Amino acid sequence: MEFPFDVDALLPERITVLDQHLRPPARRPGTTTSARVDLQQQIMTIVDELGKASAKAQHLSAPITSASRMQSNRHVIYVLKDTSARPAGKGAIIGFLKVGYKKLFVLDDREAHNEVEPLCILDFYIHETVQRHGHGRELFQYMLQKERVEPHQLAIDRPSQKLLKFLNKHYNLETTVPQVNNFVIFEGFFAHQHRPPAPSLRATRHSGAAAAEPAPAAPPRKLPPKRAEGDIKPYSSSDREFLKVAVEPPWPLNRAPRRATPPAHPPPRSSSLGNSPERGPLRPFVPEQELLRSLRLCPPHPTARLLLAADPGGSSAQRRRTSSLPRSDESRY
């Protein structure tokens, strides 16, 4: 892939590593600020054209590699240039390989979810005119040595059939572990544990000094003086003493209710619906036989005598009862 500017002067090495800043690999002596901006613009042009060519080869609707995407993500791109052919003395680009670390949730052989952060192959492209010449293997092998990883430790984002055949041919990666996302991992991915980055020299020196000089012992802790134990009373006596003491309830329960003094002459109650008159206790129930006996023995009322006298056709029982009365009672009326 040719460009209108000098690629050999811009990228002096055969394989150039570019990060998210997209800066020229080496500063030339006496280069002004405007010249450095022009060099960075040329690198951005190379990245954009390589991304478009890769998207066209993979039949993608939009490129997944561009200068703007590189600047917004912490990815690394390996650019391979052609040092043998020099069309018009400006050099050419053979292809590129973009990688980056990503946090993924992947499934293992037992279909268990695992959170990992492996190195991922994000985009890989070799120009169609120079394919099958070993350039792809050269670029891929250089990346493995630079990143210090093994081929089975990689995760590939939406690999094409050409990339899968390439990995099977050169690195014997054939059996894949099924995933629910767009990434492909191969058998042996979980065999190697991803080690964390090495600690810094300062941290190592600090840990060595800490191991050489033991930490001072902590001062002994002073305990409060122990109280003298008194005579322990039996439970029964303490219980009795507790019952003897009257515990006063809290306020306002401790206030005795005030009883209202009844008036000397209570007001009379009316027989209205609102105030019914007071009634005394009911009399006990009297059987029917005793009630009849008391009626027979009690003397007749004077009013009843007048009624009987006015009614000559009274009953014989009433006449017999009135005739049986003593004469002294009759002489009174």
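The name recorded for the chain in an unreviewed UniProt entry is Alpha-tubulin N-acetyltransferase 1, from Microcebus murinus. Its UniProt record gives the chain a comment under Catalytic activity (unreviewed entry), which states: "L-lysyl-[alpha-tubulin] + acetyl-CoA = N(6)-acetyl-L-lysyl-[alpha-tubulin] + CoA + H(+)". Word for word, the UniProt comment on the chain under Sequence similarities (unreviewed entry) is "Belongs to the acetyltransferase ATAT1 family."

What about the overall build of the chain?
Regarding its fold elements, the chain presents 11 helices and nine strands. Buried residues in the chain amount to 25% of all 333 residues. Pairs at least 24 residues apart make up 61% of the contacts formed inside the chain by residues separated by at least 6 positions.

Details of a positive patch on the surface
A cluster of basic side chains, namely Arg132, Lys162, Lys165 and Lys169, defines a positive patch on the protein surface. Topologically, Lys169 is positioned in helix H5 (residues 161-171).

Brief notes about the sheet that holds strand E2 (residues 76-82)
Spatial ordering of the open sheet is given by E1-E2-E3-E6-E7-E9-E8, a layout of seven strands whose pairing is mixed. Across the chains shown, the open sheet's two edge strands, defined by having one partner strand only, are strand E1 (15-18) and strand E8 (176-177). Pairing of strand E7 (residues 155-157) with strand E9 (residues 183-186) involves two bridges; the strand directions are antiparallel. Residue Ile156 lies in a different strand from E9, and its bridge partner there is Val184. Strands E1, E2, strand E3 (92-101) and strand E6 (119-126) of the sheet are contacted by helix H4 (residues 135-147), whose axis makes an angle of about 155° with E6.

Conventions adopted
Residues numbered from 1 in each chain as written. Predicted model: local features only at pLDDT ≥ 70, side-chain atom pairs only at ≥ 80, totals over all residues. Heavy atoms only, no water. UniProt positions renumbered as here; feature names shortened; annotations may be inferred. Helix = DSSP H or I, 4+ residues; strand = E, 2+ residues; numbered from the N terminus. Buried < 20%, exposed > 50% of the residue type's maximum accessible area, 1.4 Å probe, protein only. Contact = heavy atoms within 4.5 Å. Patch = residues over 30% accessible without salt bridge, like charges linked within 9 Å, V, L, I, M, F, W, Y side chains within 5 Å. Areas by Shrake-Rupley, 256 points an atom, 1.4 Å probe, with all protein chains shown as cover. Salt bridge = Lys/Arg side-chain N within 4 Å of Asp/Glu carboxyl O. Lys, Arg positive; Asp, Glu negative; His and termini not counted. Charge placed at Lys NZ, Arg CZ, Asp CG, Glu CD. Pairing = 2+ DSSP bridges. Axes fitted to C-alpha atoms, helices over the stretch in contact; angles between N-to-C directions.

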